[in-house]
Amino acid sequence: MDFLRLPEGSVTLTNLTVPACLIGKSGTPAADLVRIDLTLKDGRIAAPDGSLPRIDMKGAMVFPSFIDMHTHLDKGHIWPRAANPDGSFMGALTTVEADRIANWSGADVRARMDFALRCAYAHGTSAIRTHLDAIPPQHRISFAEFTRLREEWAGRIELQAACLTSIDRIDPEGGGEFAELADLVAETGSVLGCVTFPDAQLSDRLRAFFAHAGKRGLHADFHADETTDPSVATLRAIAETVLETGYDAPVVVGHCCSLSVQPEAEAMHTLDLVARAGINIVSLPMCNLYLQDRTAQDAPARTPRLRGVTLVHEMAARGINVSFASDNTRDPFYAYGDLDMIEVMREATRIAHLDHSRDDWVKAFLTNPATTTGFAQPSLDAGAPADLVICRARSWTELFARPQSDRIVIRQGRQIDRTLPDYAELDHLMDRT
Ligand SMILES: O=c1cc[nH]c(=O)[nH]1
């Protein structure tokens, strides 16, 4: 239940707490929170209006609604029928592939994506980019369902899709399967994506990727180096190709876990190239904590030593635009998760030590993903939509100590019903092979 029921209609919320960096003020890591009043009128944040009812929010923290810029809605919630056998990356890859071939009809994909969107909406997210597995014939099925859902959800959650295929399916000479996929991406107003890994023809395939993207004016979104094998360094190859080709549309690279185990000088050199190339980074710390440094199924249990998180502090210090996102939810890549950006912020803070450092990390869950994706910038300024998440917490320690299950979510000035969908809704899809 929400911690407070607000009256319907226009209102001034007084005594809210907000990170100073979100309202253009400077704070310090030790004192980065300020108190504000917000007037909500006609679905928007408005100039102060003394005639409206005033509600004392007693220091509750307020955020604009969140952007979750790297998700996999098409895989979401398949866990009961497709559990990862050992929690490893390879276990995830093979389990998903078998499930996709056996079960991903339009109706199946649609039901699970809609369920996931209702979760995200209830938690206070208003924009999502999802990757869609795009190995033929799945690309046509999933993009068709996605396009319908994007229309149905417009005004509640703005949606973008990025195709997900593997780099070895890109013909270095151009043409073929990837050209057809790039056409579909362009037709549906989507983003061109792929997973990179070491490959004898990596540079040629990356050049072909950017040629396809450039010809169609597409943004690019990569999965790269999701491993703790230090020899895997495709992020550097992506940065080198962007610099070589002069590709100037937005590029984002997700995961980049192997940087955390590479020799320092090597990793820093890659980050210098990433900064020069203007590449955006998205870290997926919950999924990578789950997948990385796992023991194989038949080996004795071993405690993980590594966190799998990428070098977000060193990136931010170089001016690289860093974001965090959910990634997978209840599928073989991540057994848990619910598209809750407050959870992502809490876990990222713990895993990556975002506390005791800069005073603006909160932007990595709001404005940084907007800059990367082109979604509207979340804002608390007068004139912005009154899309807010308000928590019964007056400080970071109060915020991150509890799951904030009683948060208030306001969309277009109205407090929404935050009831989460029942997993039982999906039971009829789960008893398949
Ligand atoms: O983390 C990952 C990587 C590839 N595909 C996914 O769904 N998740």
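Everything quoted here is computed from the prediction, not taken from an experiment.

Here is what the cut-offs are and how they apply
- Residues numbered from 1 in each chain as written.
- Predicted model: local features only at pLDDT ≥ 70, side-chain atom pairs only at ≥ 80, totals over all residues.
- Heavy atoms only, no water.
- Helix = DSSP H or I, 4+ residues; strand = E, 2+ residues; numbered from the N terminus.
- Rg over C-alpha atoms; globule rule 2.2 N^0.38 Å.
- Buried < 20%, exposed > 50% of the residue type's maximum accessible area, 1.4 Å probe, protein only.
- Contact = heavy atoms within 4.5 Å.
- Areas by Shrake-Rupley, 256 points an atom, 1.4 Å probe, with all protein chains shown as cover.
- Lys, Arg positive; Asp, Glu negative; His and termini not counted.
- Charge placed at Lys NZ, Arg CZ, Asp CG, Glu CD.
- Near = heavy atom within 4 Å.
- Polar contact = N/O pair within 3.5 Å; in protein donor to acceptor, adjacent residues only side chain to side chain.
- Pairing = 2+ DSSP bridges.
- Axes fitted to C-alpha atoms, helices over the stretch in contact; angles between N-to-C directions.
- Right-handed = clockwise from strand over helix to strand, strands pointing away.
- Domains from an automatic or database assignment.
- Buried area = accessible area lost by both parts, 1.4 Å probe.
- Salt bridge = Lys/Arg side-chain N within 4 Å of Asp/Glu carboxyl O.
- Parallel < 35°, antiparallel > 145°, perpendicular 65-115°, else oblique.
- Left-handed = near helix turned anticlockwise from the far one by under 90°.
- Nonpolar A, V, L, I, M, F, W, Y, C, P; charged D, E, K, R; others polar.
- pLDDT = per-residue confidence, 0-100.
- UniProt positions renumbered as here; feature names shortened; annotations may be inferred.
- Expected span 1.5 Å × (residues − 1).
- Arc of directions from axis to C-beta.

A look at the overall build of the protein chain
A count of helices and strands for the protein chain gives 13 helices and 16 strands. Computed over C-alpha atoms, the radius of gyration of the protein chain comes to 22 Å, within 12% of the 22 Å expected from 2.2 N^0.38 for 433 residues, which places it in the range of a compact globule. For the protein chain, the spread of C-alpha atoms along the principal axes amounts to about 70 × 50 × 50 Å. Expressed as a percentage of its 433 residues, the buried residues of the protein chain come to 58%. By sequence separation, contacts in the protein chain at least 24 residues apart represent 80% of the contacts at least 6 residues apart. Accessible area for the protein chain stands at about 17,300 Å²; split by element, carbon and sulfur atoms hold 51% of it. In the protein chain, 43 side chains carry a positive charge and 59 a negative one; their mean positions are 5 Å apart.

Quick look at the site of the ligand
Within the structure, the ligand sits among H72, K75, L164, H223, E226, H255, C287, D327, N328 and F333. Interatomic distance of 2.9 Å between a side-chain N/O atom of E226 and an oxygen atom of the ligand. In the environment of the ligand, an oxygen atom lies 2.9 Å from a nitrogen or oxygen atom belonging to the side chain of N328. Its free accessible area being 230 Å², the ligand has 97% of it covered by the protein chains.

Description of the sheet that holds strand β8 (residues 158-164)
In spatial order, the strands read β6-β7-β8; together these 3 strands make up an open sheet with parallel pairing. Edge positions in the open sheet fall to β6 (66-71) and β8, since each of these has one partner strand only. With strand direction ignored, the average angle separating the axes of adjacent strands in the sheet is 15°.

Section: the pairing of strand β10 (residues 220-224)
The element β10 is largely enclosed, with a buried count of 5 among its 5 residues. The alternating pattern of β10 places A220, F222 and A224 on one face and D221 and H223 on the opposite face, and all of these are buried. The sheet contact formed by strand β9 (residues 192-196) and β10 spans 5 bridges and is parallel. Among the inter-strand pairings, G193 is bridged to a residue of β10, identified as D221. The parallel pair β9 and β10 is bridged by helix α5 (residues 202-216), and the resulting crossover is right-handed. Two elements, β10 and strand β11 (residues 251-255), share 5 bridges in a ladder whose sense is parallel. Each residue of the ladder has a partner; that of A224, found in β11, is H255. Each parallel crossover has a hand, and the one from β10 via helix α6 (residues 234-245) to β11 is right-handed.

Focus on the domain arrangement of the protein chain
Interfaces are often sized by the accessible area lost when the parts come together. According to the domain assignment, the protein chain consists of domain 1 (11-64 + 379-415) and domain 2 (66-373). Measuring from the centre of the C-alpha atoms in domain 1 to the corresponding centre in domain 2 gives 30 Å. The interface of domain 1 with domain 2 comprises 21 residues on the first partner and 22 residues on the second. Across the domain 1 to domain 2 interface the summed buried area is about 1,700 Å²; carbon plus sulfur atoms make up 63%. Counting across the domain 1 and domain 2 interface gives 1 salt bridge. Between domain 1 and domain 2 we count 5 residue pairs in polar contact (both at pLDDT 80 or more) in total.

Quick word on the pairing of β6
For β6, the tally of buried residues reaches 6 of 6 residues, placing the bulk of the element in the interior. Relative to strand β7 (residues 125-133), β6 runs parallel, the two being bridged by 4 bridges. Each bridged residue has a counterpart across the sheet, and for I67 the counterpart in β7 is A127.

Considering the packing of α5 against α6
For any two helices packed against each other, one specifies the crossing angle of their axes together with the interaxial distance. For the pair α5 and α6, interaxial distance at closest approach is 10 Å and the crossing angle is 50°. Taken together, the axis directions place α5 and α6 in an arrangement best described as oblique. In the packing of α5 onto α6, the handedness of the crossing is right-handed. Residue-level contacts link L202, L206, R207 and F210 of α5 to T234, A237, I238, T241, V242, E244 and T245 of α6. In terms of residue class, the contact of α5 with α6 is made up of 6 nonpolar, 3 polar and 2 charged.

Some details on the confidence of the model for the protein chain
Considering every residue of the protein chain, the mean pLDDT works out to 97; 100% of them sit at 70 or more. Our summary of model confidence lists the complex with pTM equal to 0.98 and ipTM equal to 0.94.

Considering the UniProt feature "domain: Amidohydrolase" (unreviewed entry) in the protein chain
As recorded in UniProt, the sites labelled "domain: Amidohydrolase" (unreviewed entry) are residues 175-415. Between the C-alpha atoms that bound residues 175-415 the distance is 50 Å, and the span itself is 38% helix and 13% strand.

Some words on helix α1 (residues 89-103)
Helix length check: α1, at 15 residues, gives a terminal C-alpha distance of 21 Å against a target of 21 Å (1.5 Å per residue), a fit within 8%. Every buried residue belonging to α1 is among G91, A92, T95, V96, D99, R100 and N103, and all of these are buried. Buried residues of α1, viewed axially, fall in a sector of 150°; they line one side. Exposed side of α1, more than 90 degrees from the buried face: M90 and I101 are the residues found there. In the core, the buried residues of α1 are packed alongside α2 (106-123), β7, α3 (138-153) and α8 (285-291).

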